[in-house]
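Chain by chain, the residues:
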Number of protein chains: 2
Amino acid sequence: MPDLYNLSDEFWMSQALDLARSSICVAWPNPSVGCVIVKNNFCIGKGSTQSFGGSHAEVCALHDAMGKHYVLEGSTIYVTLEPCCHYGKTPPCVNALLKAKPKSVVIAVLDPNPVVNGKSIQILRSVGINVKIGICAEEAIWLNIGFFSRVITSLPWVRTKIATSLDGRSSLYNKKSQWITSESSRKDGHYWRARSGAILTGIGTIINDNPILTVRHFPISRQPIKAIIDDTFLIDSNSNIFDGSRVVIFTTINDKEKNKKIIDQNGEIILVDSIGKNSNKINLSSVMKWFAENCINEVHVEAGPGLNGKLLKNNSIDEMLLYFAPILIGEANTFIKIPSINELKDAVAFSTLESKLIDNDIRIRVYNYDRWNLIKEKCILQDMT
Amino acid sequence: MPDLYNLSDEFWMSQALDLARSSICVAWPNPSVGCVIVKNNFCIGKGSTQSFGGSHAEVCALHDAMGKHYVLEGSTIYVTLEPCCHYGKTPPCVNALLKAKPKSVVIAVLDPNPVVNGKSIQILRSVGINVKIGICAEEAIWLNIGFFSRVITSLPWVRTKIATSLDGRSSLYNKKSQWITSESSRKDGHYWRARSGAILTGIGTIINDNPILTVRHFPISRQPIKAIIDDTFLIDSNSNIFDGSRVVIFTTINDKEKNKKIIDQNGEIILVDSIGKNSNKINLSSVMKWFAENCINEVHVEAGPGLNGKLLKNNSIDEMLLYFAPILIGEANTFIKIPSINELKDAVAFSTLESKLIDNDIRIRVYNYDRWNLIKEKCILQDMT
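Residues numbered from 1 in each chain as written. Chains lettered and ligands numbered in written order. Predicted model: local features only at pLDDT ≥ 70, side-chain atom pairs only at ≥ 80, totals over all residues. Heavy atoms only, no water.

Before going further, it helps to examine the UniProt feature "binding site: NADP(+)" (unreviewed entry) in chain A. All names here are of chain A. Within this numbering scheme, the UniProt entry marks A163, W179, T205 and D209 as carrying the feature "binding site: NADP(+)" (unreviewed entry). Tracing the backbone through its elements, the reader meets A163 in strand β6 (residues 157–165). For A163, a relative accessible area of 23% puts it in the partly exposed group. Not counting residues within four places of it along the chain, the set of residues in contact with A163 comprises R169, S170, I180, T181 and Y323. Of note, D209 is situated in helix α8 (residues 203–209). Looking at D209, the relative accessible area reads 47%, which means it is partly exposed. (UniProt positions renumbered as here; feature names shortened; annotations may be inferred. Helix = DSSP H or I, 4+ residues; strand = E, 2+ residues; numbered from the N terminus. Buried < 20%, exposed > 50% of the residue type's maximum accessible area, 1.4 Å probe, protein only. Contact = heavy atoms within 4.5 Å.)

Here you go:
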């Protein structure tokens, strides 16, 4: 057969990654996983993780193939994450794989969950199945970056969304509330809201803009938590964010009377420690730990320059999702309030992931390389090809 | 024959555009043109404009084909600009084309030069040659945007190069001279210097940075003119820019003694009018007219925030070439000094052309849509397909 039909591992893994991508707002807080089963250069089964408690990708793909009466023995199974080998909401996927008797299993990345973490690979290899790991690894990590971050570092992956002019301005001095970027960019922003477990903002944004903070332009089965940093408990229980969904207020003030009003609105108050004595400044690291402990993989920040600056100072911005409108505003408010520096080497440096045109706007993603690399190293085995 | 071999007009025109692109710093101040001759879906000849006074692309391609003993009759000739029909430094290309007896001529855009402007198309059609126009038209216009701008509007195309942080800062308050963007971005910037006819800056940049302003990281047969906006004639004749190449100082002050010093350094002083009475502020429109009158197609600006702001106010920025380093600087100098506005609709708006990663930096090109559209309308015939 011509080479054209001898498709590479990368080709099939990218099909599995597409399947994983399709379930990104479904699997949540589980990782989104995709699986394709290939025999004689033909896809005989495919699947992706179902909603929490439902079947995993591997089981879906096996069922898909069996439903079409394909013989699984001798096949190659591509899966974007190491299969599980423990009993969770579903039985271990590795058992289902063993039963299928594939010739090979190709895995993008290890599952860093301590109860898995290479064990499934050992099990598969122990019965003579050929296991290949590390195909499209980086793409697979980005797909579930929050899950990996939470499991490996006990912190969520924090992505800050910024809408700005080319000259780095996010709002006019007179604070007249207007959209800087296009409708397409704003809709794109809702995808990133949708894949996050929480949307975080500051009390200033709530007071000034009174936003709803829901996912609207993207299909979703449940809304992310809304979270507010509110050092001195200024929140008004009539704010638009109280729409019946889960709202979490992080504060340092315990005001029982006000607590009741917020709880009546379906709100939840989390008392957190402050930075330094006699201060009401919330310790942002404690907030991030809370998110991880509550199974929030990705935190989506839409905040003003003040909170953005504090998060940066706290080393809590893992990724910036910047939407540049092709306009020049001149003297106005910046999107992030940070002090001046004396040497360029003291500037906060990110790594660039991608740049994309969205209609007339430009979307740029940059990330904290050290955090990313720390996560990557734990998901990639030394013997990976 | 299978469809694979029946290549489209767009395919061949893009080959011609590649040839044109290769001569972009050669043809100057002539437009860069590419030509391919195709017969039976096979390229039998190709050429691009030679340096000023040399052969045009069409003649080069015809010679190429004839040198290989191909029969030109019945061929299809693809050319990125309407062939000339007048005697300039070389005889009219249209005569050479007529002699070749092609079946068809496919042209990207009209030559807006009044001595051509559709006449060659009429000539070709009058002898029964099939002429198709408008294939890859926009790309062809961008390739020679400065030439079209000068011929159509009597103004050069002004491209401002900016190196900035994500938060729109181009230098620290302490003005410590440091590169913001990477070496790759700086090298890329030299390509844009190379294709321009003049590199423009302000006297402030000359005094603060004392740059050489030459093309170094790109092969070039001759350097662009160096041009300085120097309202009150502060230029020091010992500045690095005086390296024997052509330097033009625009000023409003006539100081005979100083003039001599500058002229001794191979410099040229252009006295221009000022804005308003009793002012030394140079009328930037007069500077731009001077460039067009002196056959400068593209002006490459590398200036500080002051001159950038004045050019913007004068509506003289046609394109911005922005290199974003993925860093946050915080309070520092912006790259363009413009006053604050009260309504977002008063922001200066550009259209976005492209966004590209250059190592870890992001290069964005935005342009003045109205100026571009005015030019485009004059290069595209109503009957274009």
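Moving on from the coordinates now.
Formed by 74 residues in total, the largest nonpolar core has its most connected members in F250(A), F291(A), F250(B) and F291(B). Residues I44(B), V106(B), I145(B) and A194(B) belong to the second largest nonpolar core, which totals 62 residues. (Core = buried A, V, L, I, M, F, W, Y, C linked by side-chain atoms within 4.5 Å.)

Residue and element names in this part refer to chain B. Taken as a whole, helix α2 (residues 57–67) has its buried residues at A57, E58, V59, C60, A61, L62 and A65. The elements touched by buried residues of α2 are β1 (34–39), β2 (42–48), β3 (76–81) and α3 (93–100). Phi turns positive one or two residues past the end of α2, at H69, with a value near 60°.

Here we take up the pattern of salt bridges. Residues and elements named next belong to chain A. The final tally for this structure, using the stated rule, is 38 salt bridges over all chains. The partner of E302 in a salt bridge is R193, with the nearest N and O atoms 2.8 Å apart. On the criterion of sequence distance, the pair formed by E302 in the loop between β12 (298–301) and α11 (305–313) and R193 in helix α7 (residues 183–195) is long-range, its members being 109 residues apart. With relative accessibility at 17%, the residue E302 sits in the buried group. A residue is classified by how much of its surface remains accessible, and R193, at 7% relative accessible area, is buried. (Salt bridge = Lys/Arg side-chain N within 4 Å of Asp/Glu carboxyl O.)

Residue and element names in this part refer to chain A. The domains assigned to chain A are domain 1 (9–146) and domain 2 (156–368). For domain 1 and domain 2, the distance between their C-alpha centroids amounts to 34 Å. Across the contact, eight residues belong to domain 1 and 19 residues belong to domain 2. For the pair domain 1 and domain 2, the summed buried surface comes to about 1,300 Å²; carbon and sulfur atoms form 64% of the total. Considering only the surface of domain 1 that becomes buried against domain 2, C25, W28 and W142 emerge as the three largest contributors, covering 57% of it. Counting every contact that joins domain 1 to domain 2 gives zero salt bridges. Where domain 1 touches domain 2, the interface holds six residue pairs in polar contact (both at pLDDT 80 or more). Of all the elements in the fold, those that place two or more residues in the side of domain 1 that touches domain 2 are α5 (137–143) and α6 (145–153). Tallied by class, residues from the side of domain 1 that touches domain 2 come to seven nonpolar, one polar and no charged. (Domains from an automatic or database assignment. Buried area = accessible area lost by both parts, 1.4 Å probe. Polar contact = N/O pair within 3.5 Å; in protein donor to acceptor, adjacent residues only side chain to side chain. Nonpolar A, V, L, I, M, F, W, Y, C, P; charged D, E, K, R; others polar.)

Residue and element names in this part refer to chain B. Sheet architecture is open: nine strands sit in the order β11-β10-β9-β8-β12-β6-β13-β18-β17, paired in mixed fashion. Edge positions in the sheet fall to β11 (267–271) and β17 (351–358), since each has one partner strand and no second. Geometrically, the sheet is characterised by an average inter-axis angle of 20° between neighbouring strands, direction not taken into account. In this fold helix α6 (residues 145–153) packs onto β6 (157–165) and β12 (298–301), with an angle of close to 135° to the strand it touches most, β6. Those strands touched by helix α12 (residues 369–379) are β6, β17 and β18 (361–367), and its axis lies near 145° from that of β6. (Pairing = 2+ DSSP bridges. Axes fitted to C-alpha atoms, helices over the stretch in contact; angles between N-to-C directions.)

In this section: the relation of the copies chain A and chain B. Structural alignment of chain A on chain B gives an RMSD of 0.0 Å, achieved by rotating through 180° and translating 0.0 Å along the axis. The two molecules are tied by a two-fold rotation axis, judged by turn and shift. Among all C-alpha atoms of chain A, that of G168(A) lies closest to the rotation axis, at 2.3 Å. Both copies share a contact surface, since 100% of the interface residues of chain A are interface residues in chain B too. (Least-squares fit on C-alpha atoms with pLDDT ≥ 70 in both.)

Turning to the packing of aromatic side chains, a few remarks are in order. On inspection of all chains with the given rule, the structure shows 25 aromatic pairs over all chains. Between Y367(A) and W372(A), the aromatic rings sit 6.1 Å apart at their centres with planes inclined by 80°, giving edge-to-face as the arrangement. Comparing Y367(A) with W372(A), the two get one shared label, buried. Between W290(B) and F291(B) the ring centres are 5.7 Å apart and the planes differ by 75°, which places this aromatic pair in the edge-to-face class. Take W290(B): its relative accessible area is 11%, and that puts it in the buried class. Each member of the aromatic cluster is reached from another via a ring pair, and the members are W142(A), W157(A), Y367(A) and W372(A). (Phe/Tyr/Trp six-rings, centres within 6.5 Å; stacked < 30°, edge-to-face > 60°.)

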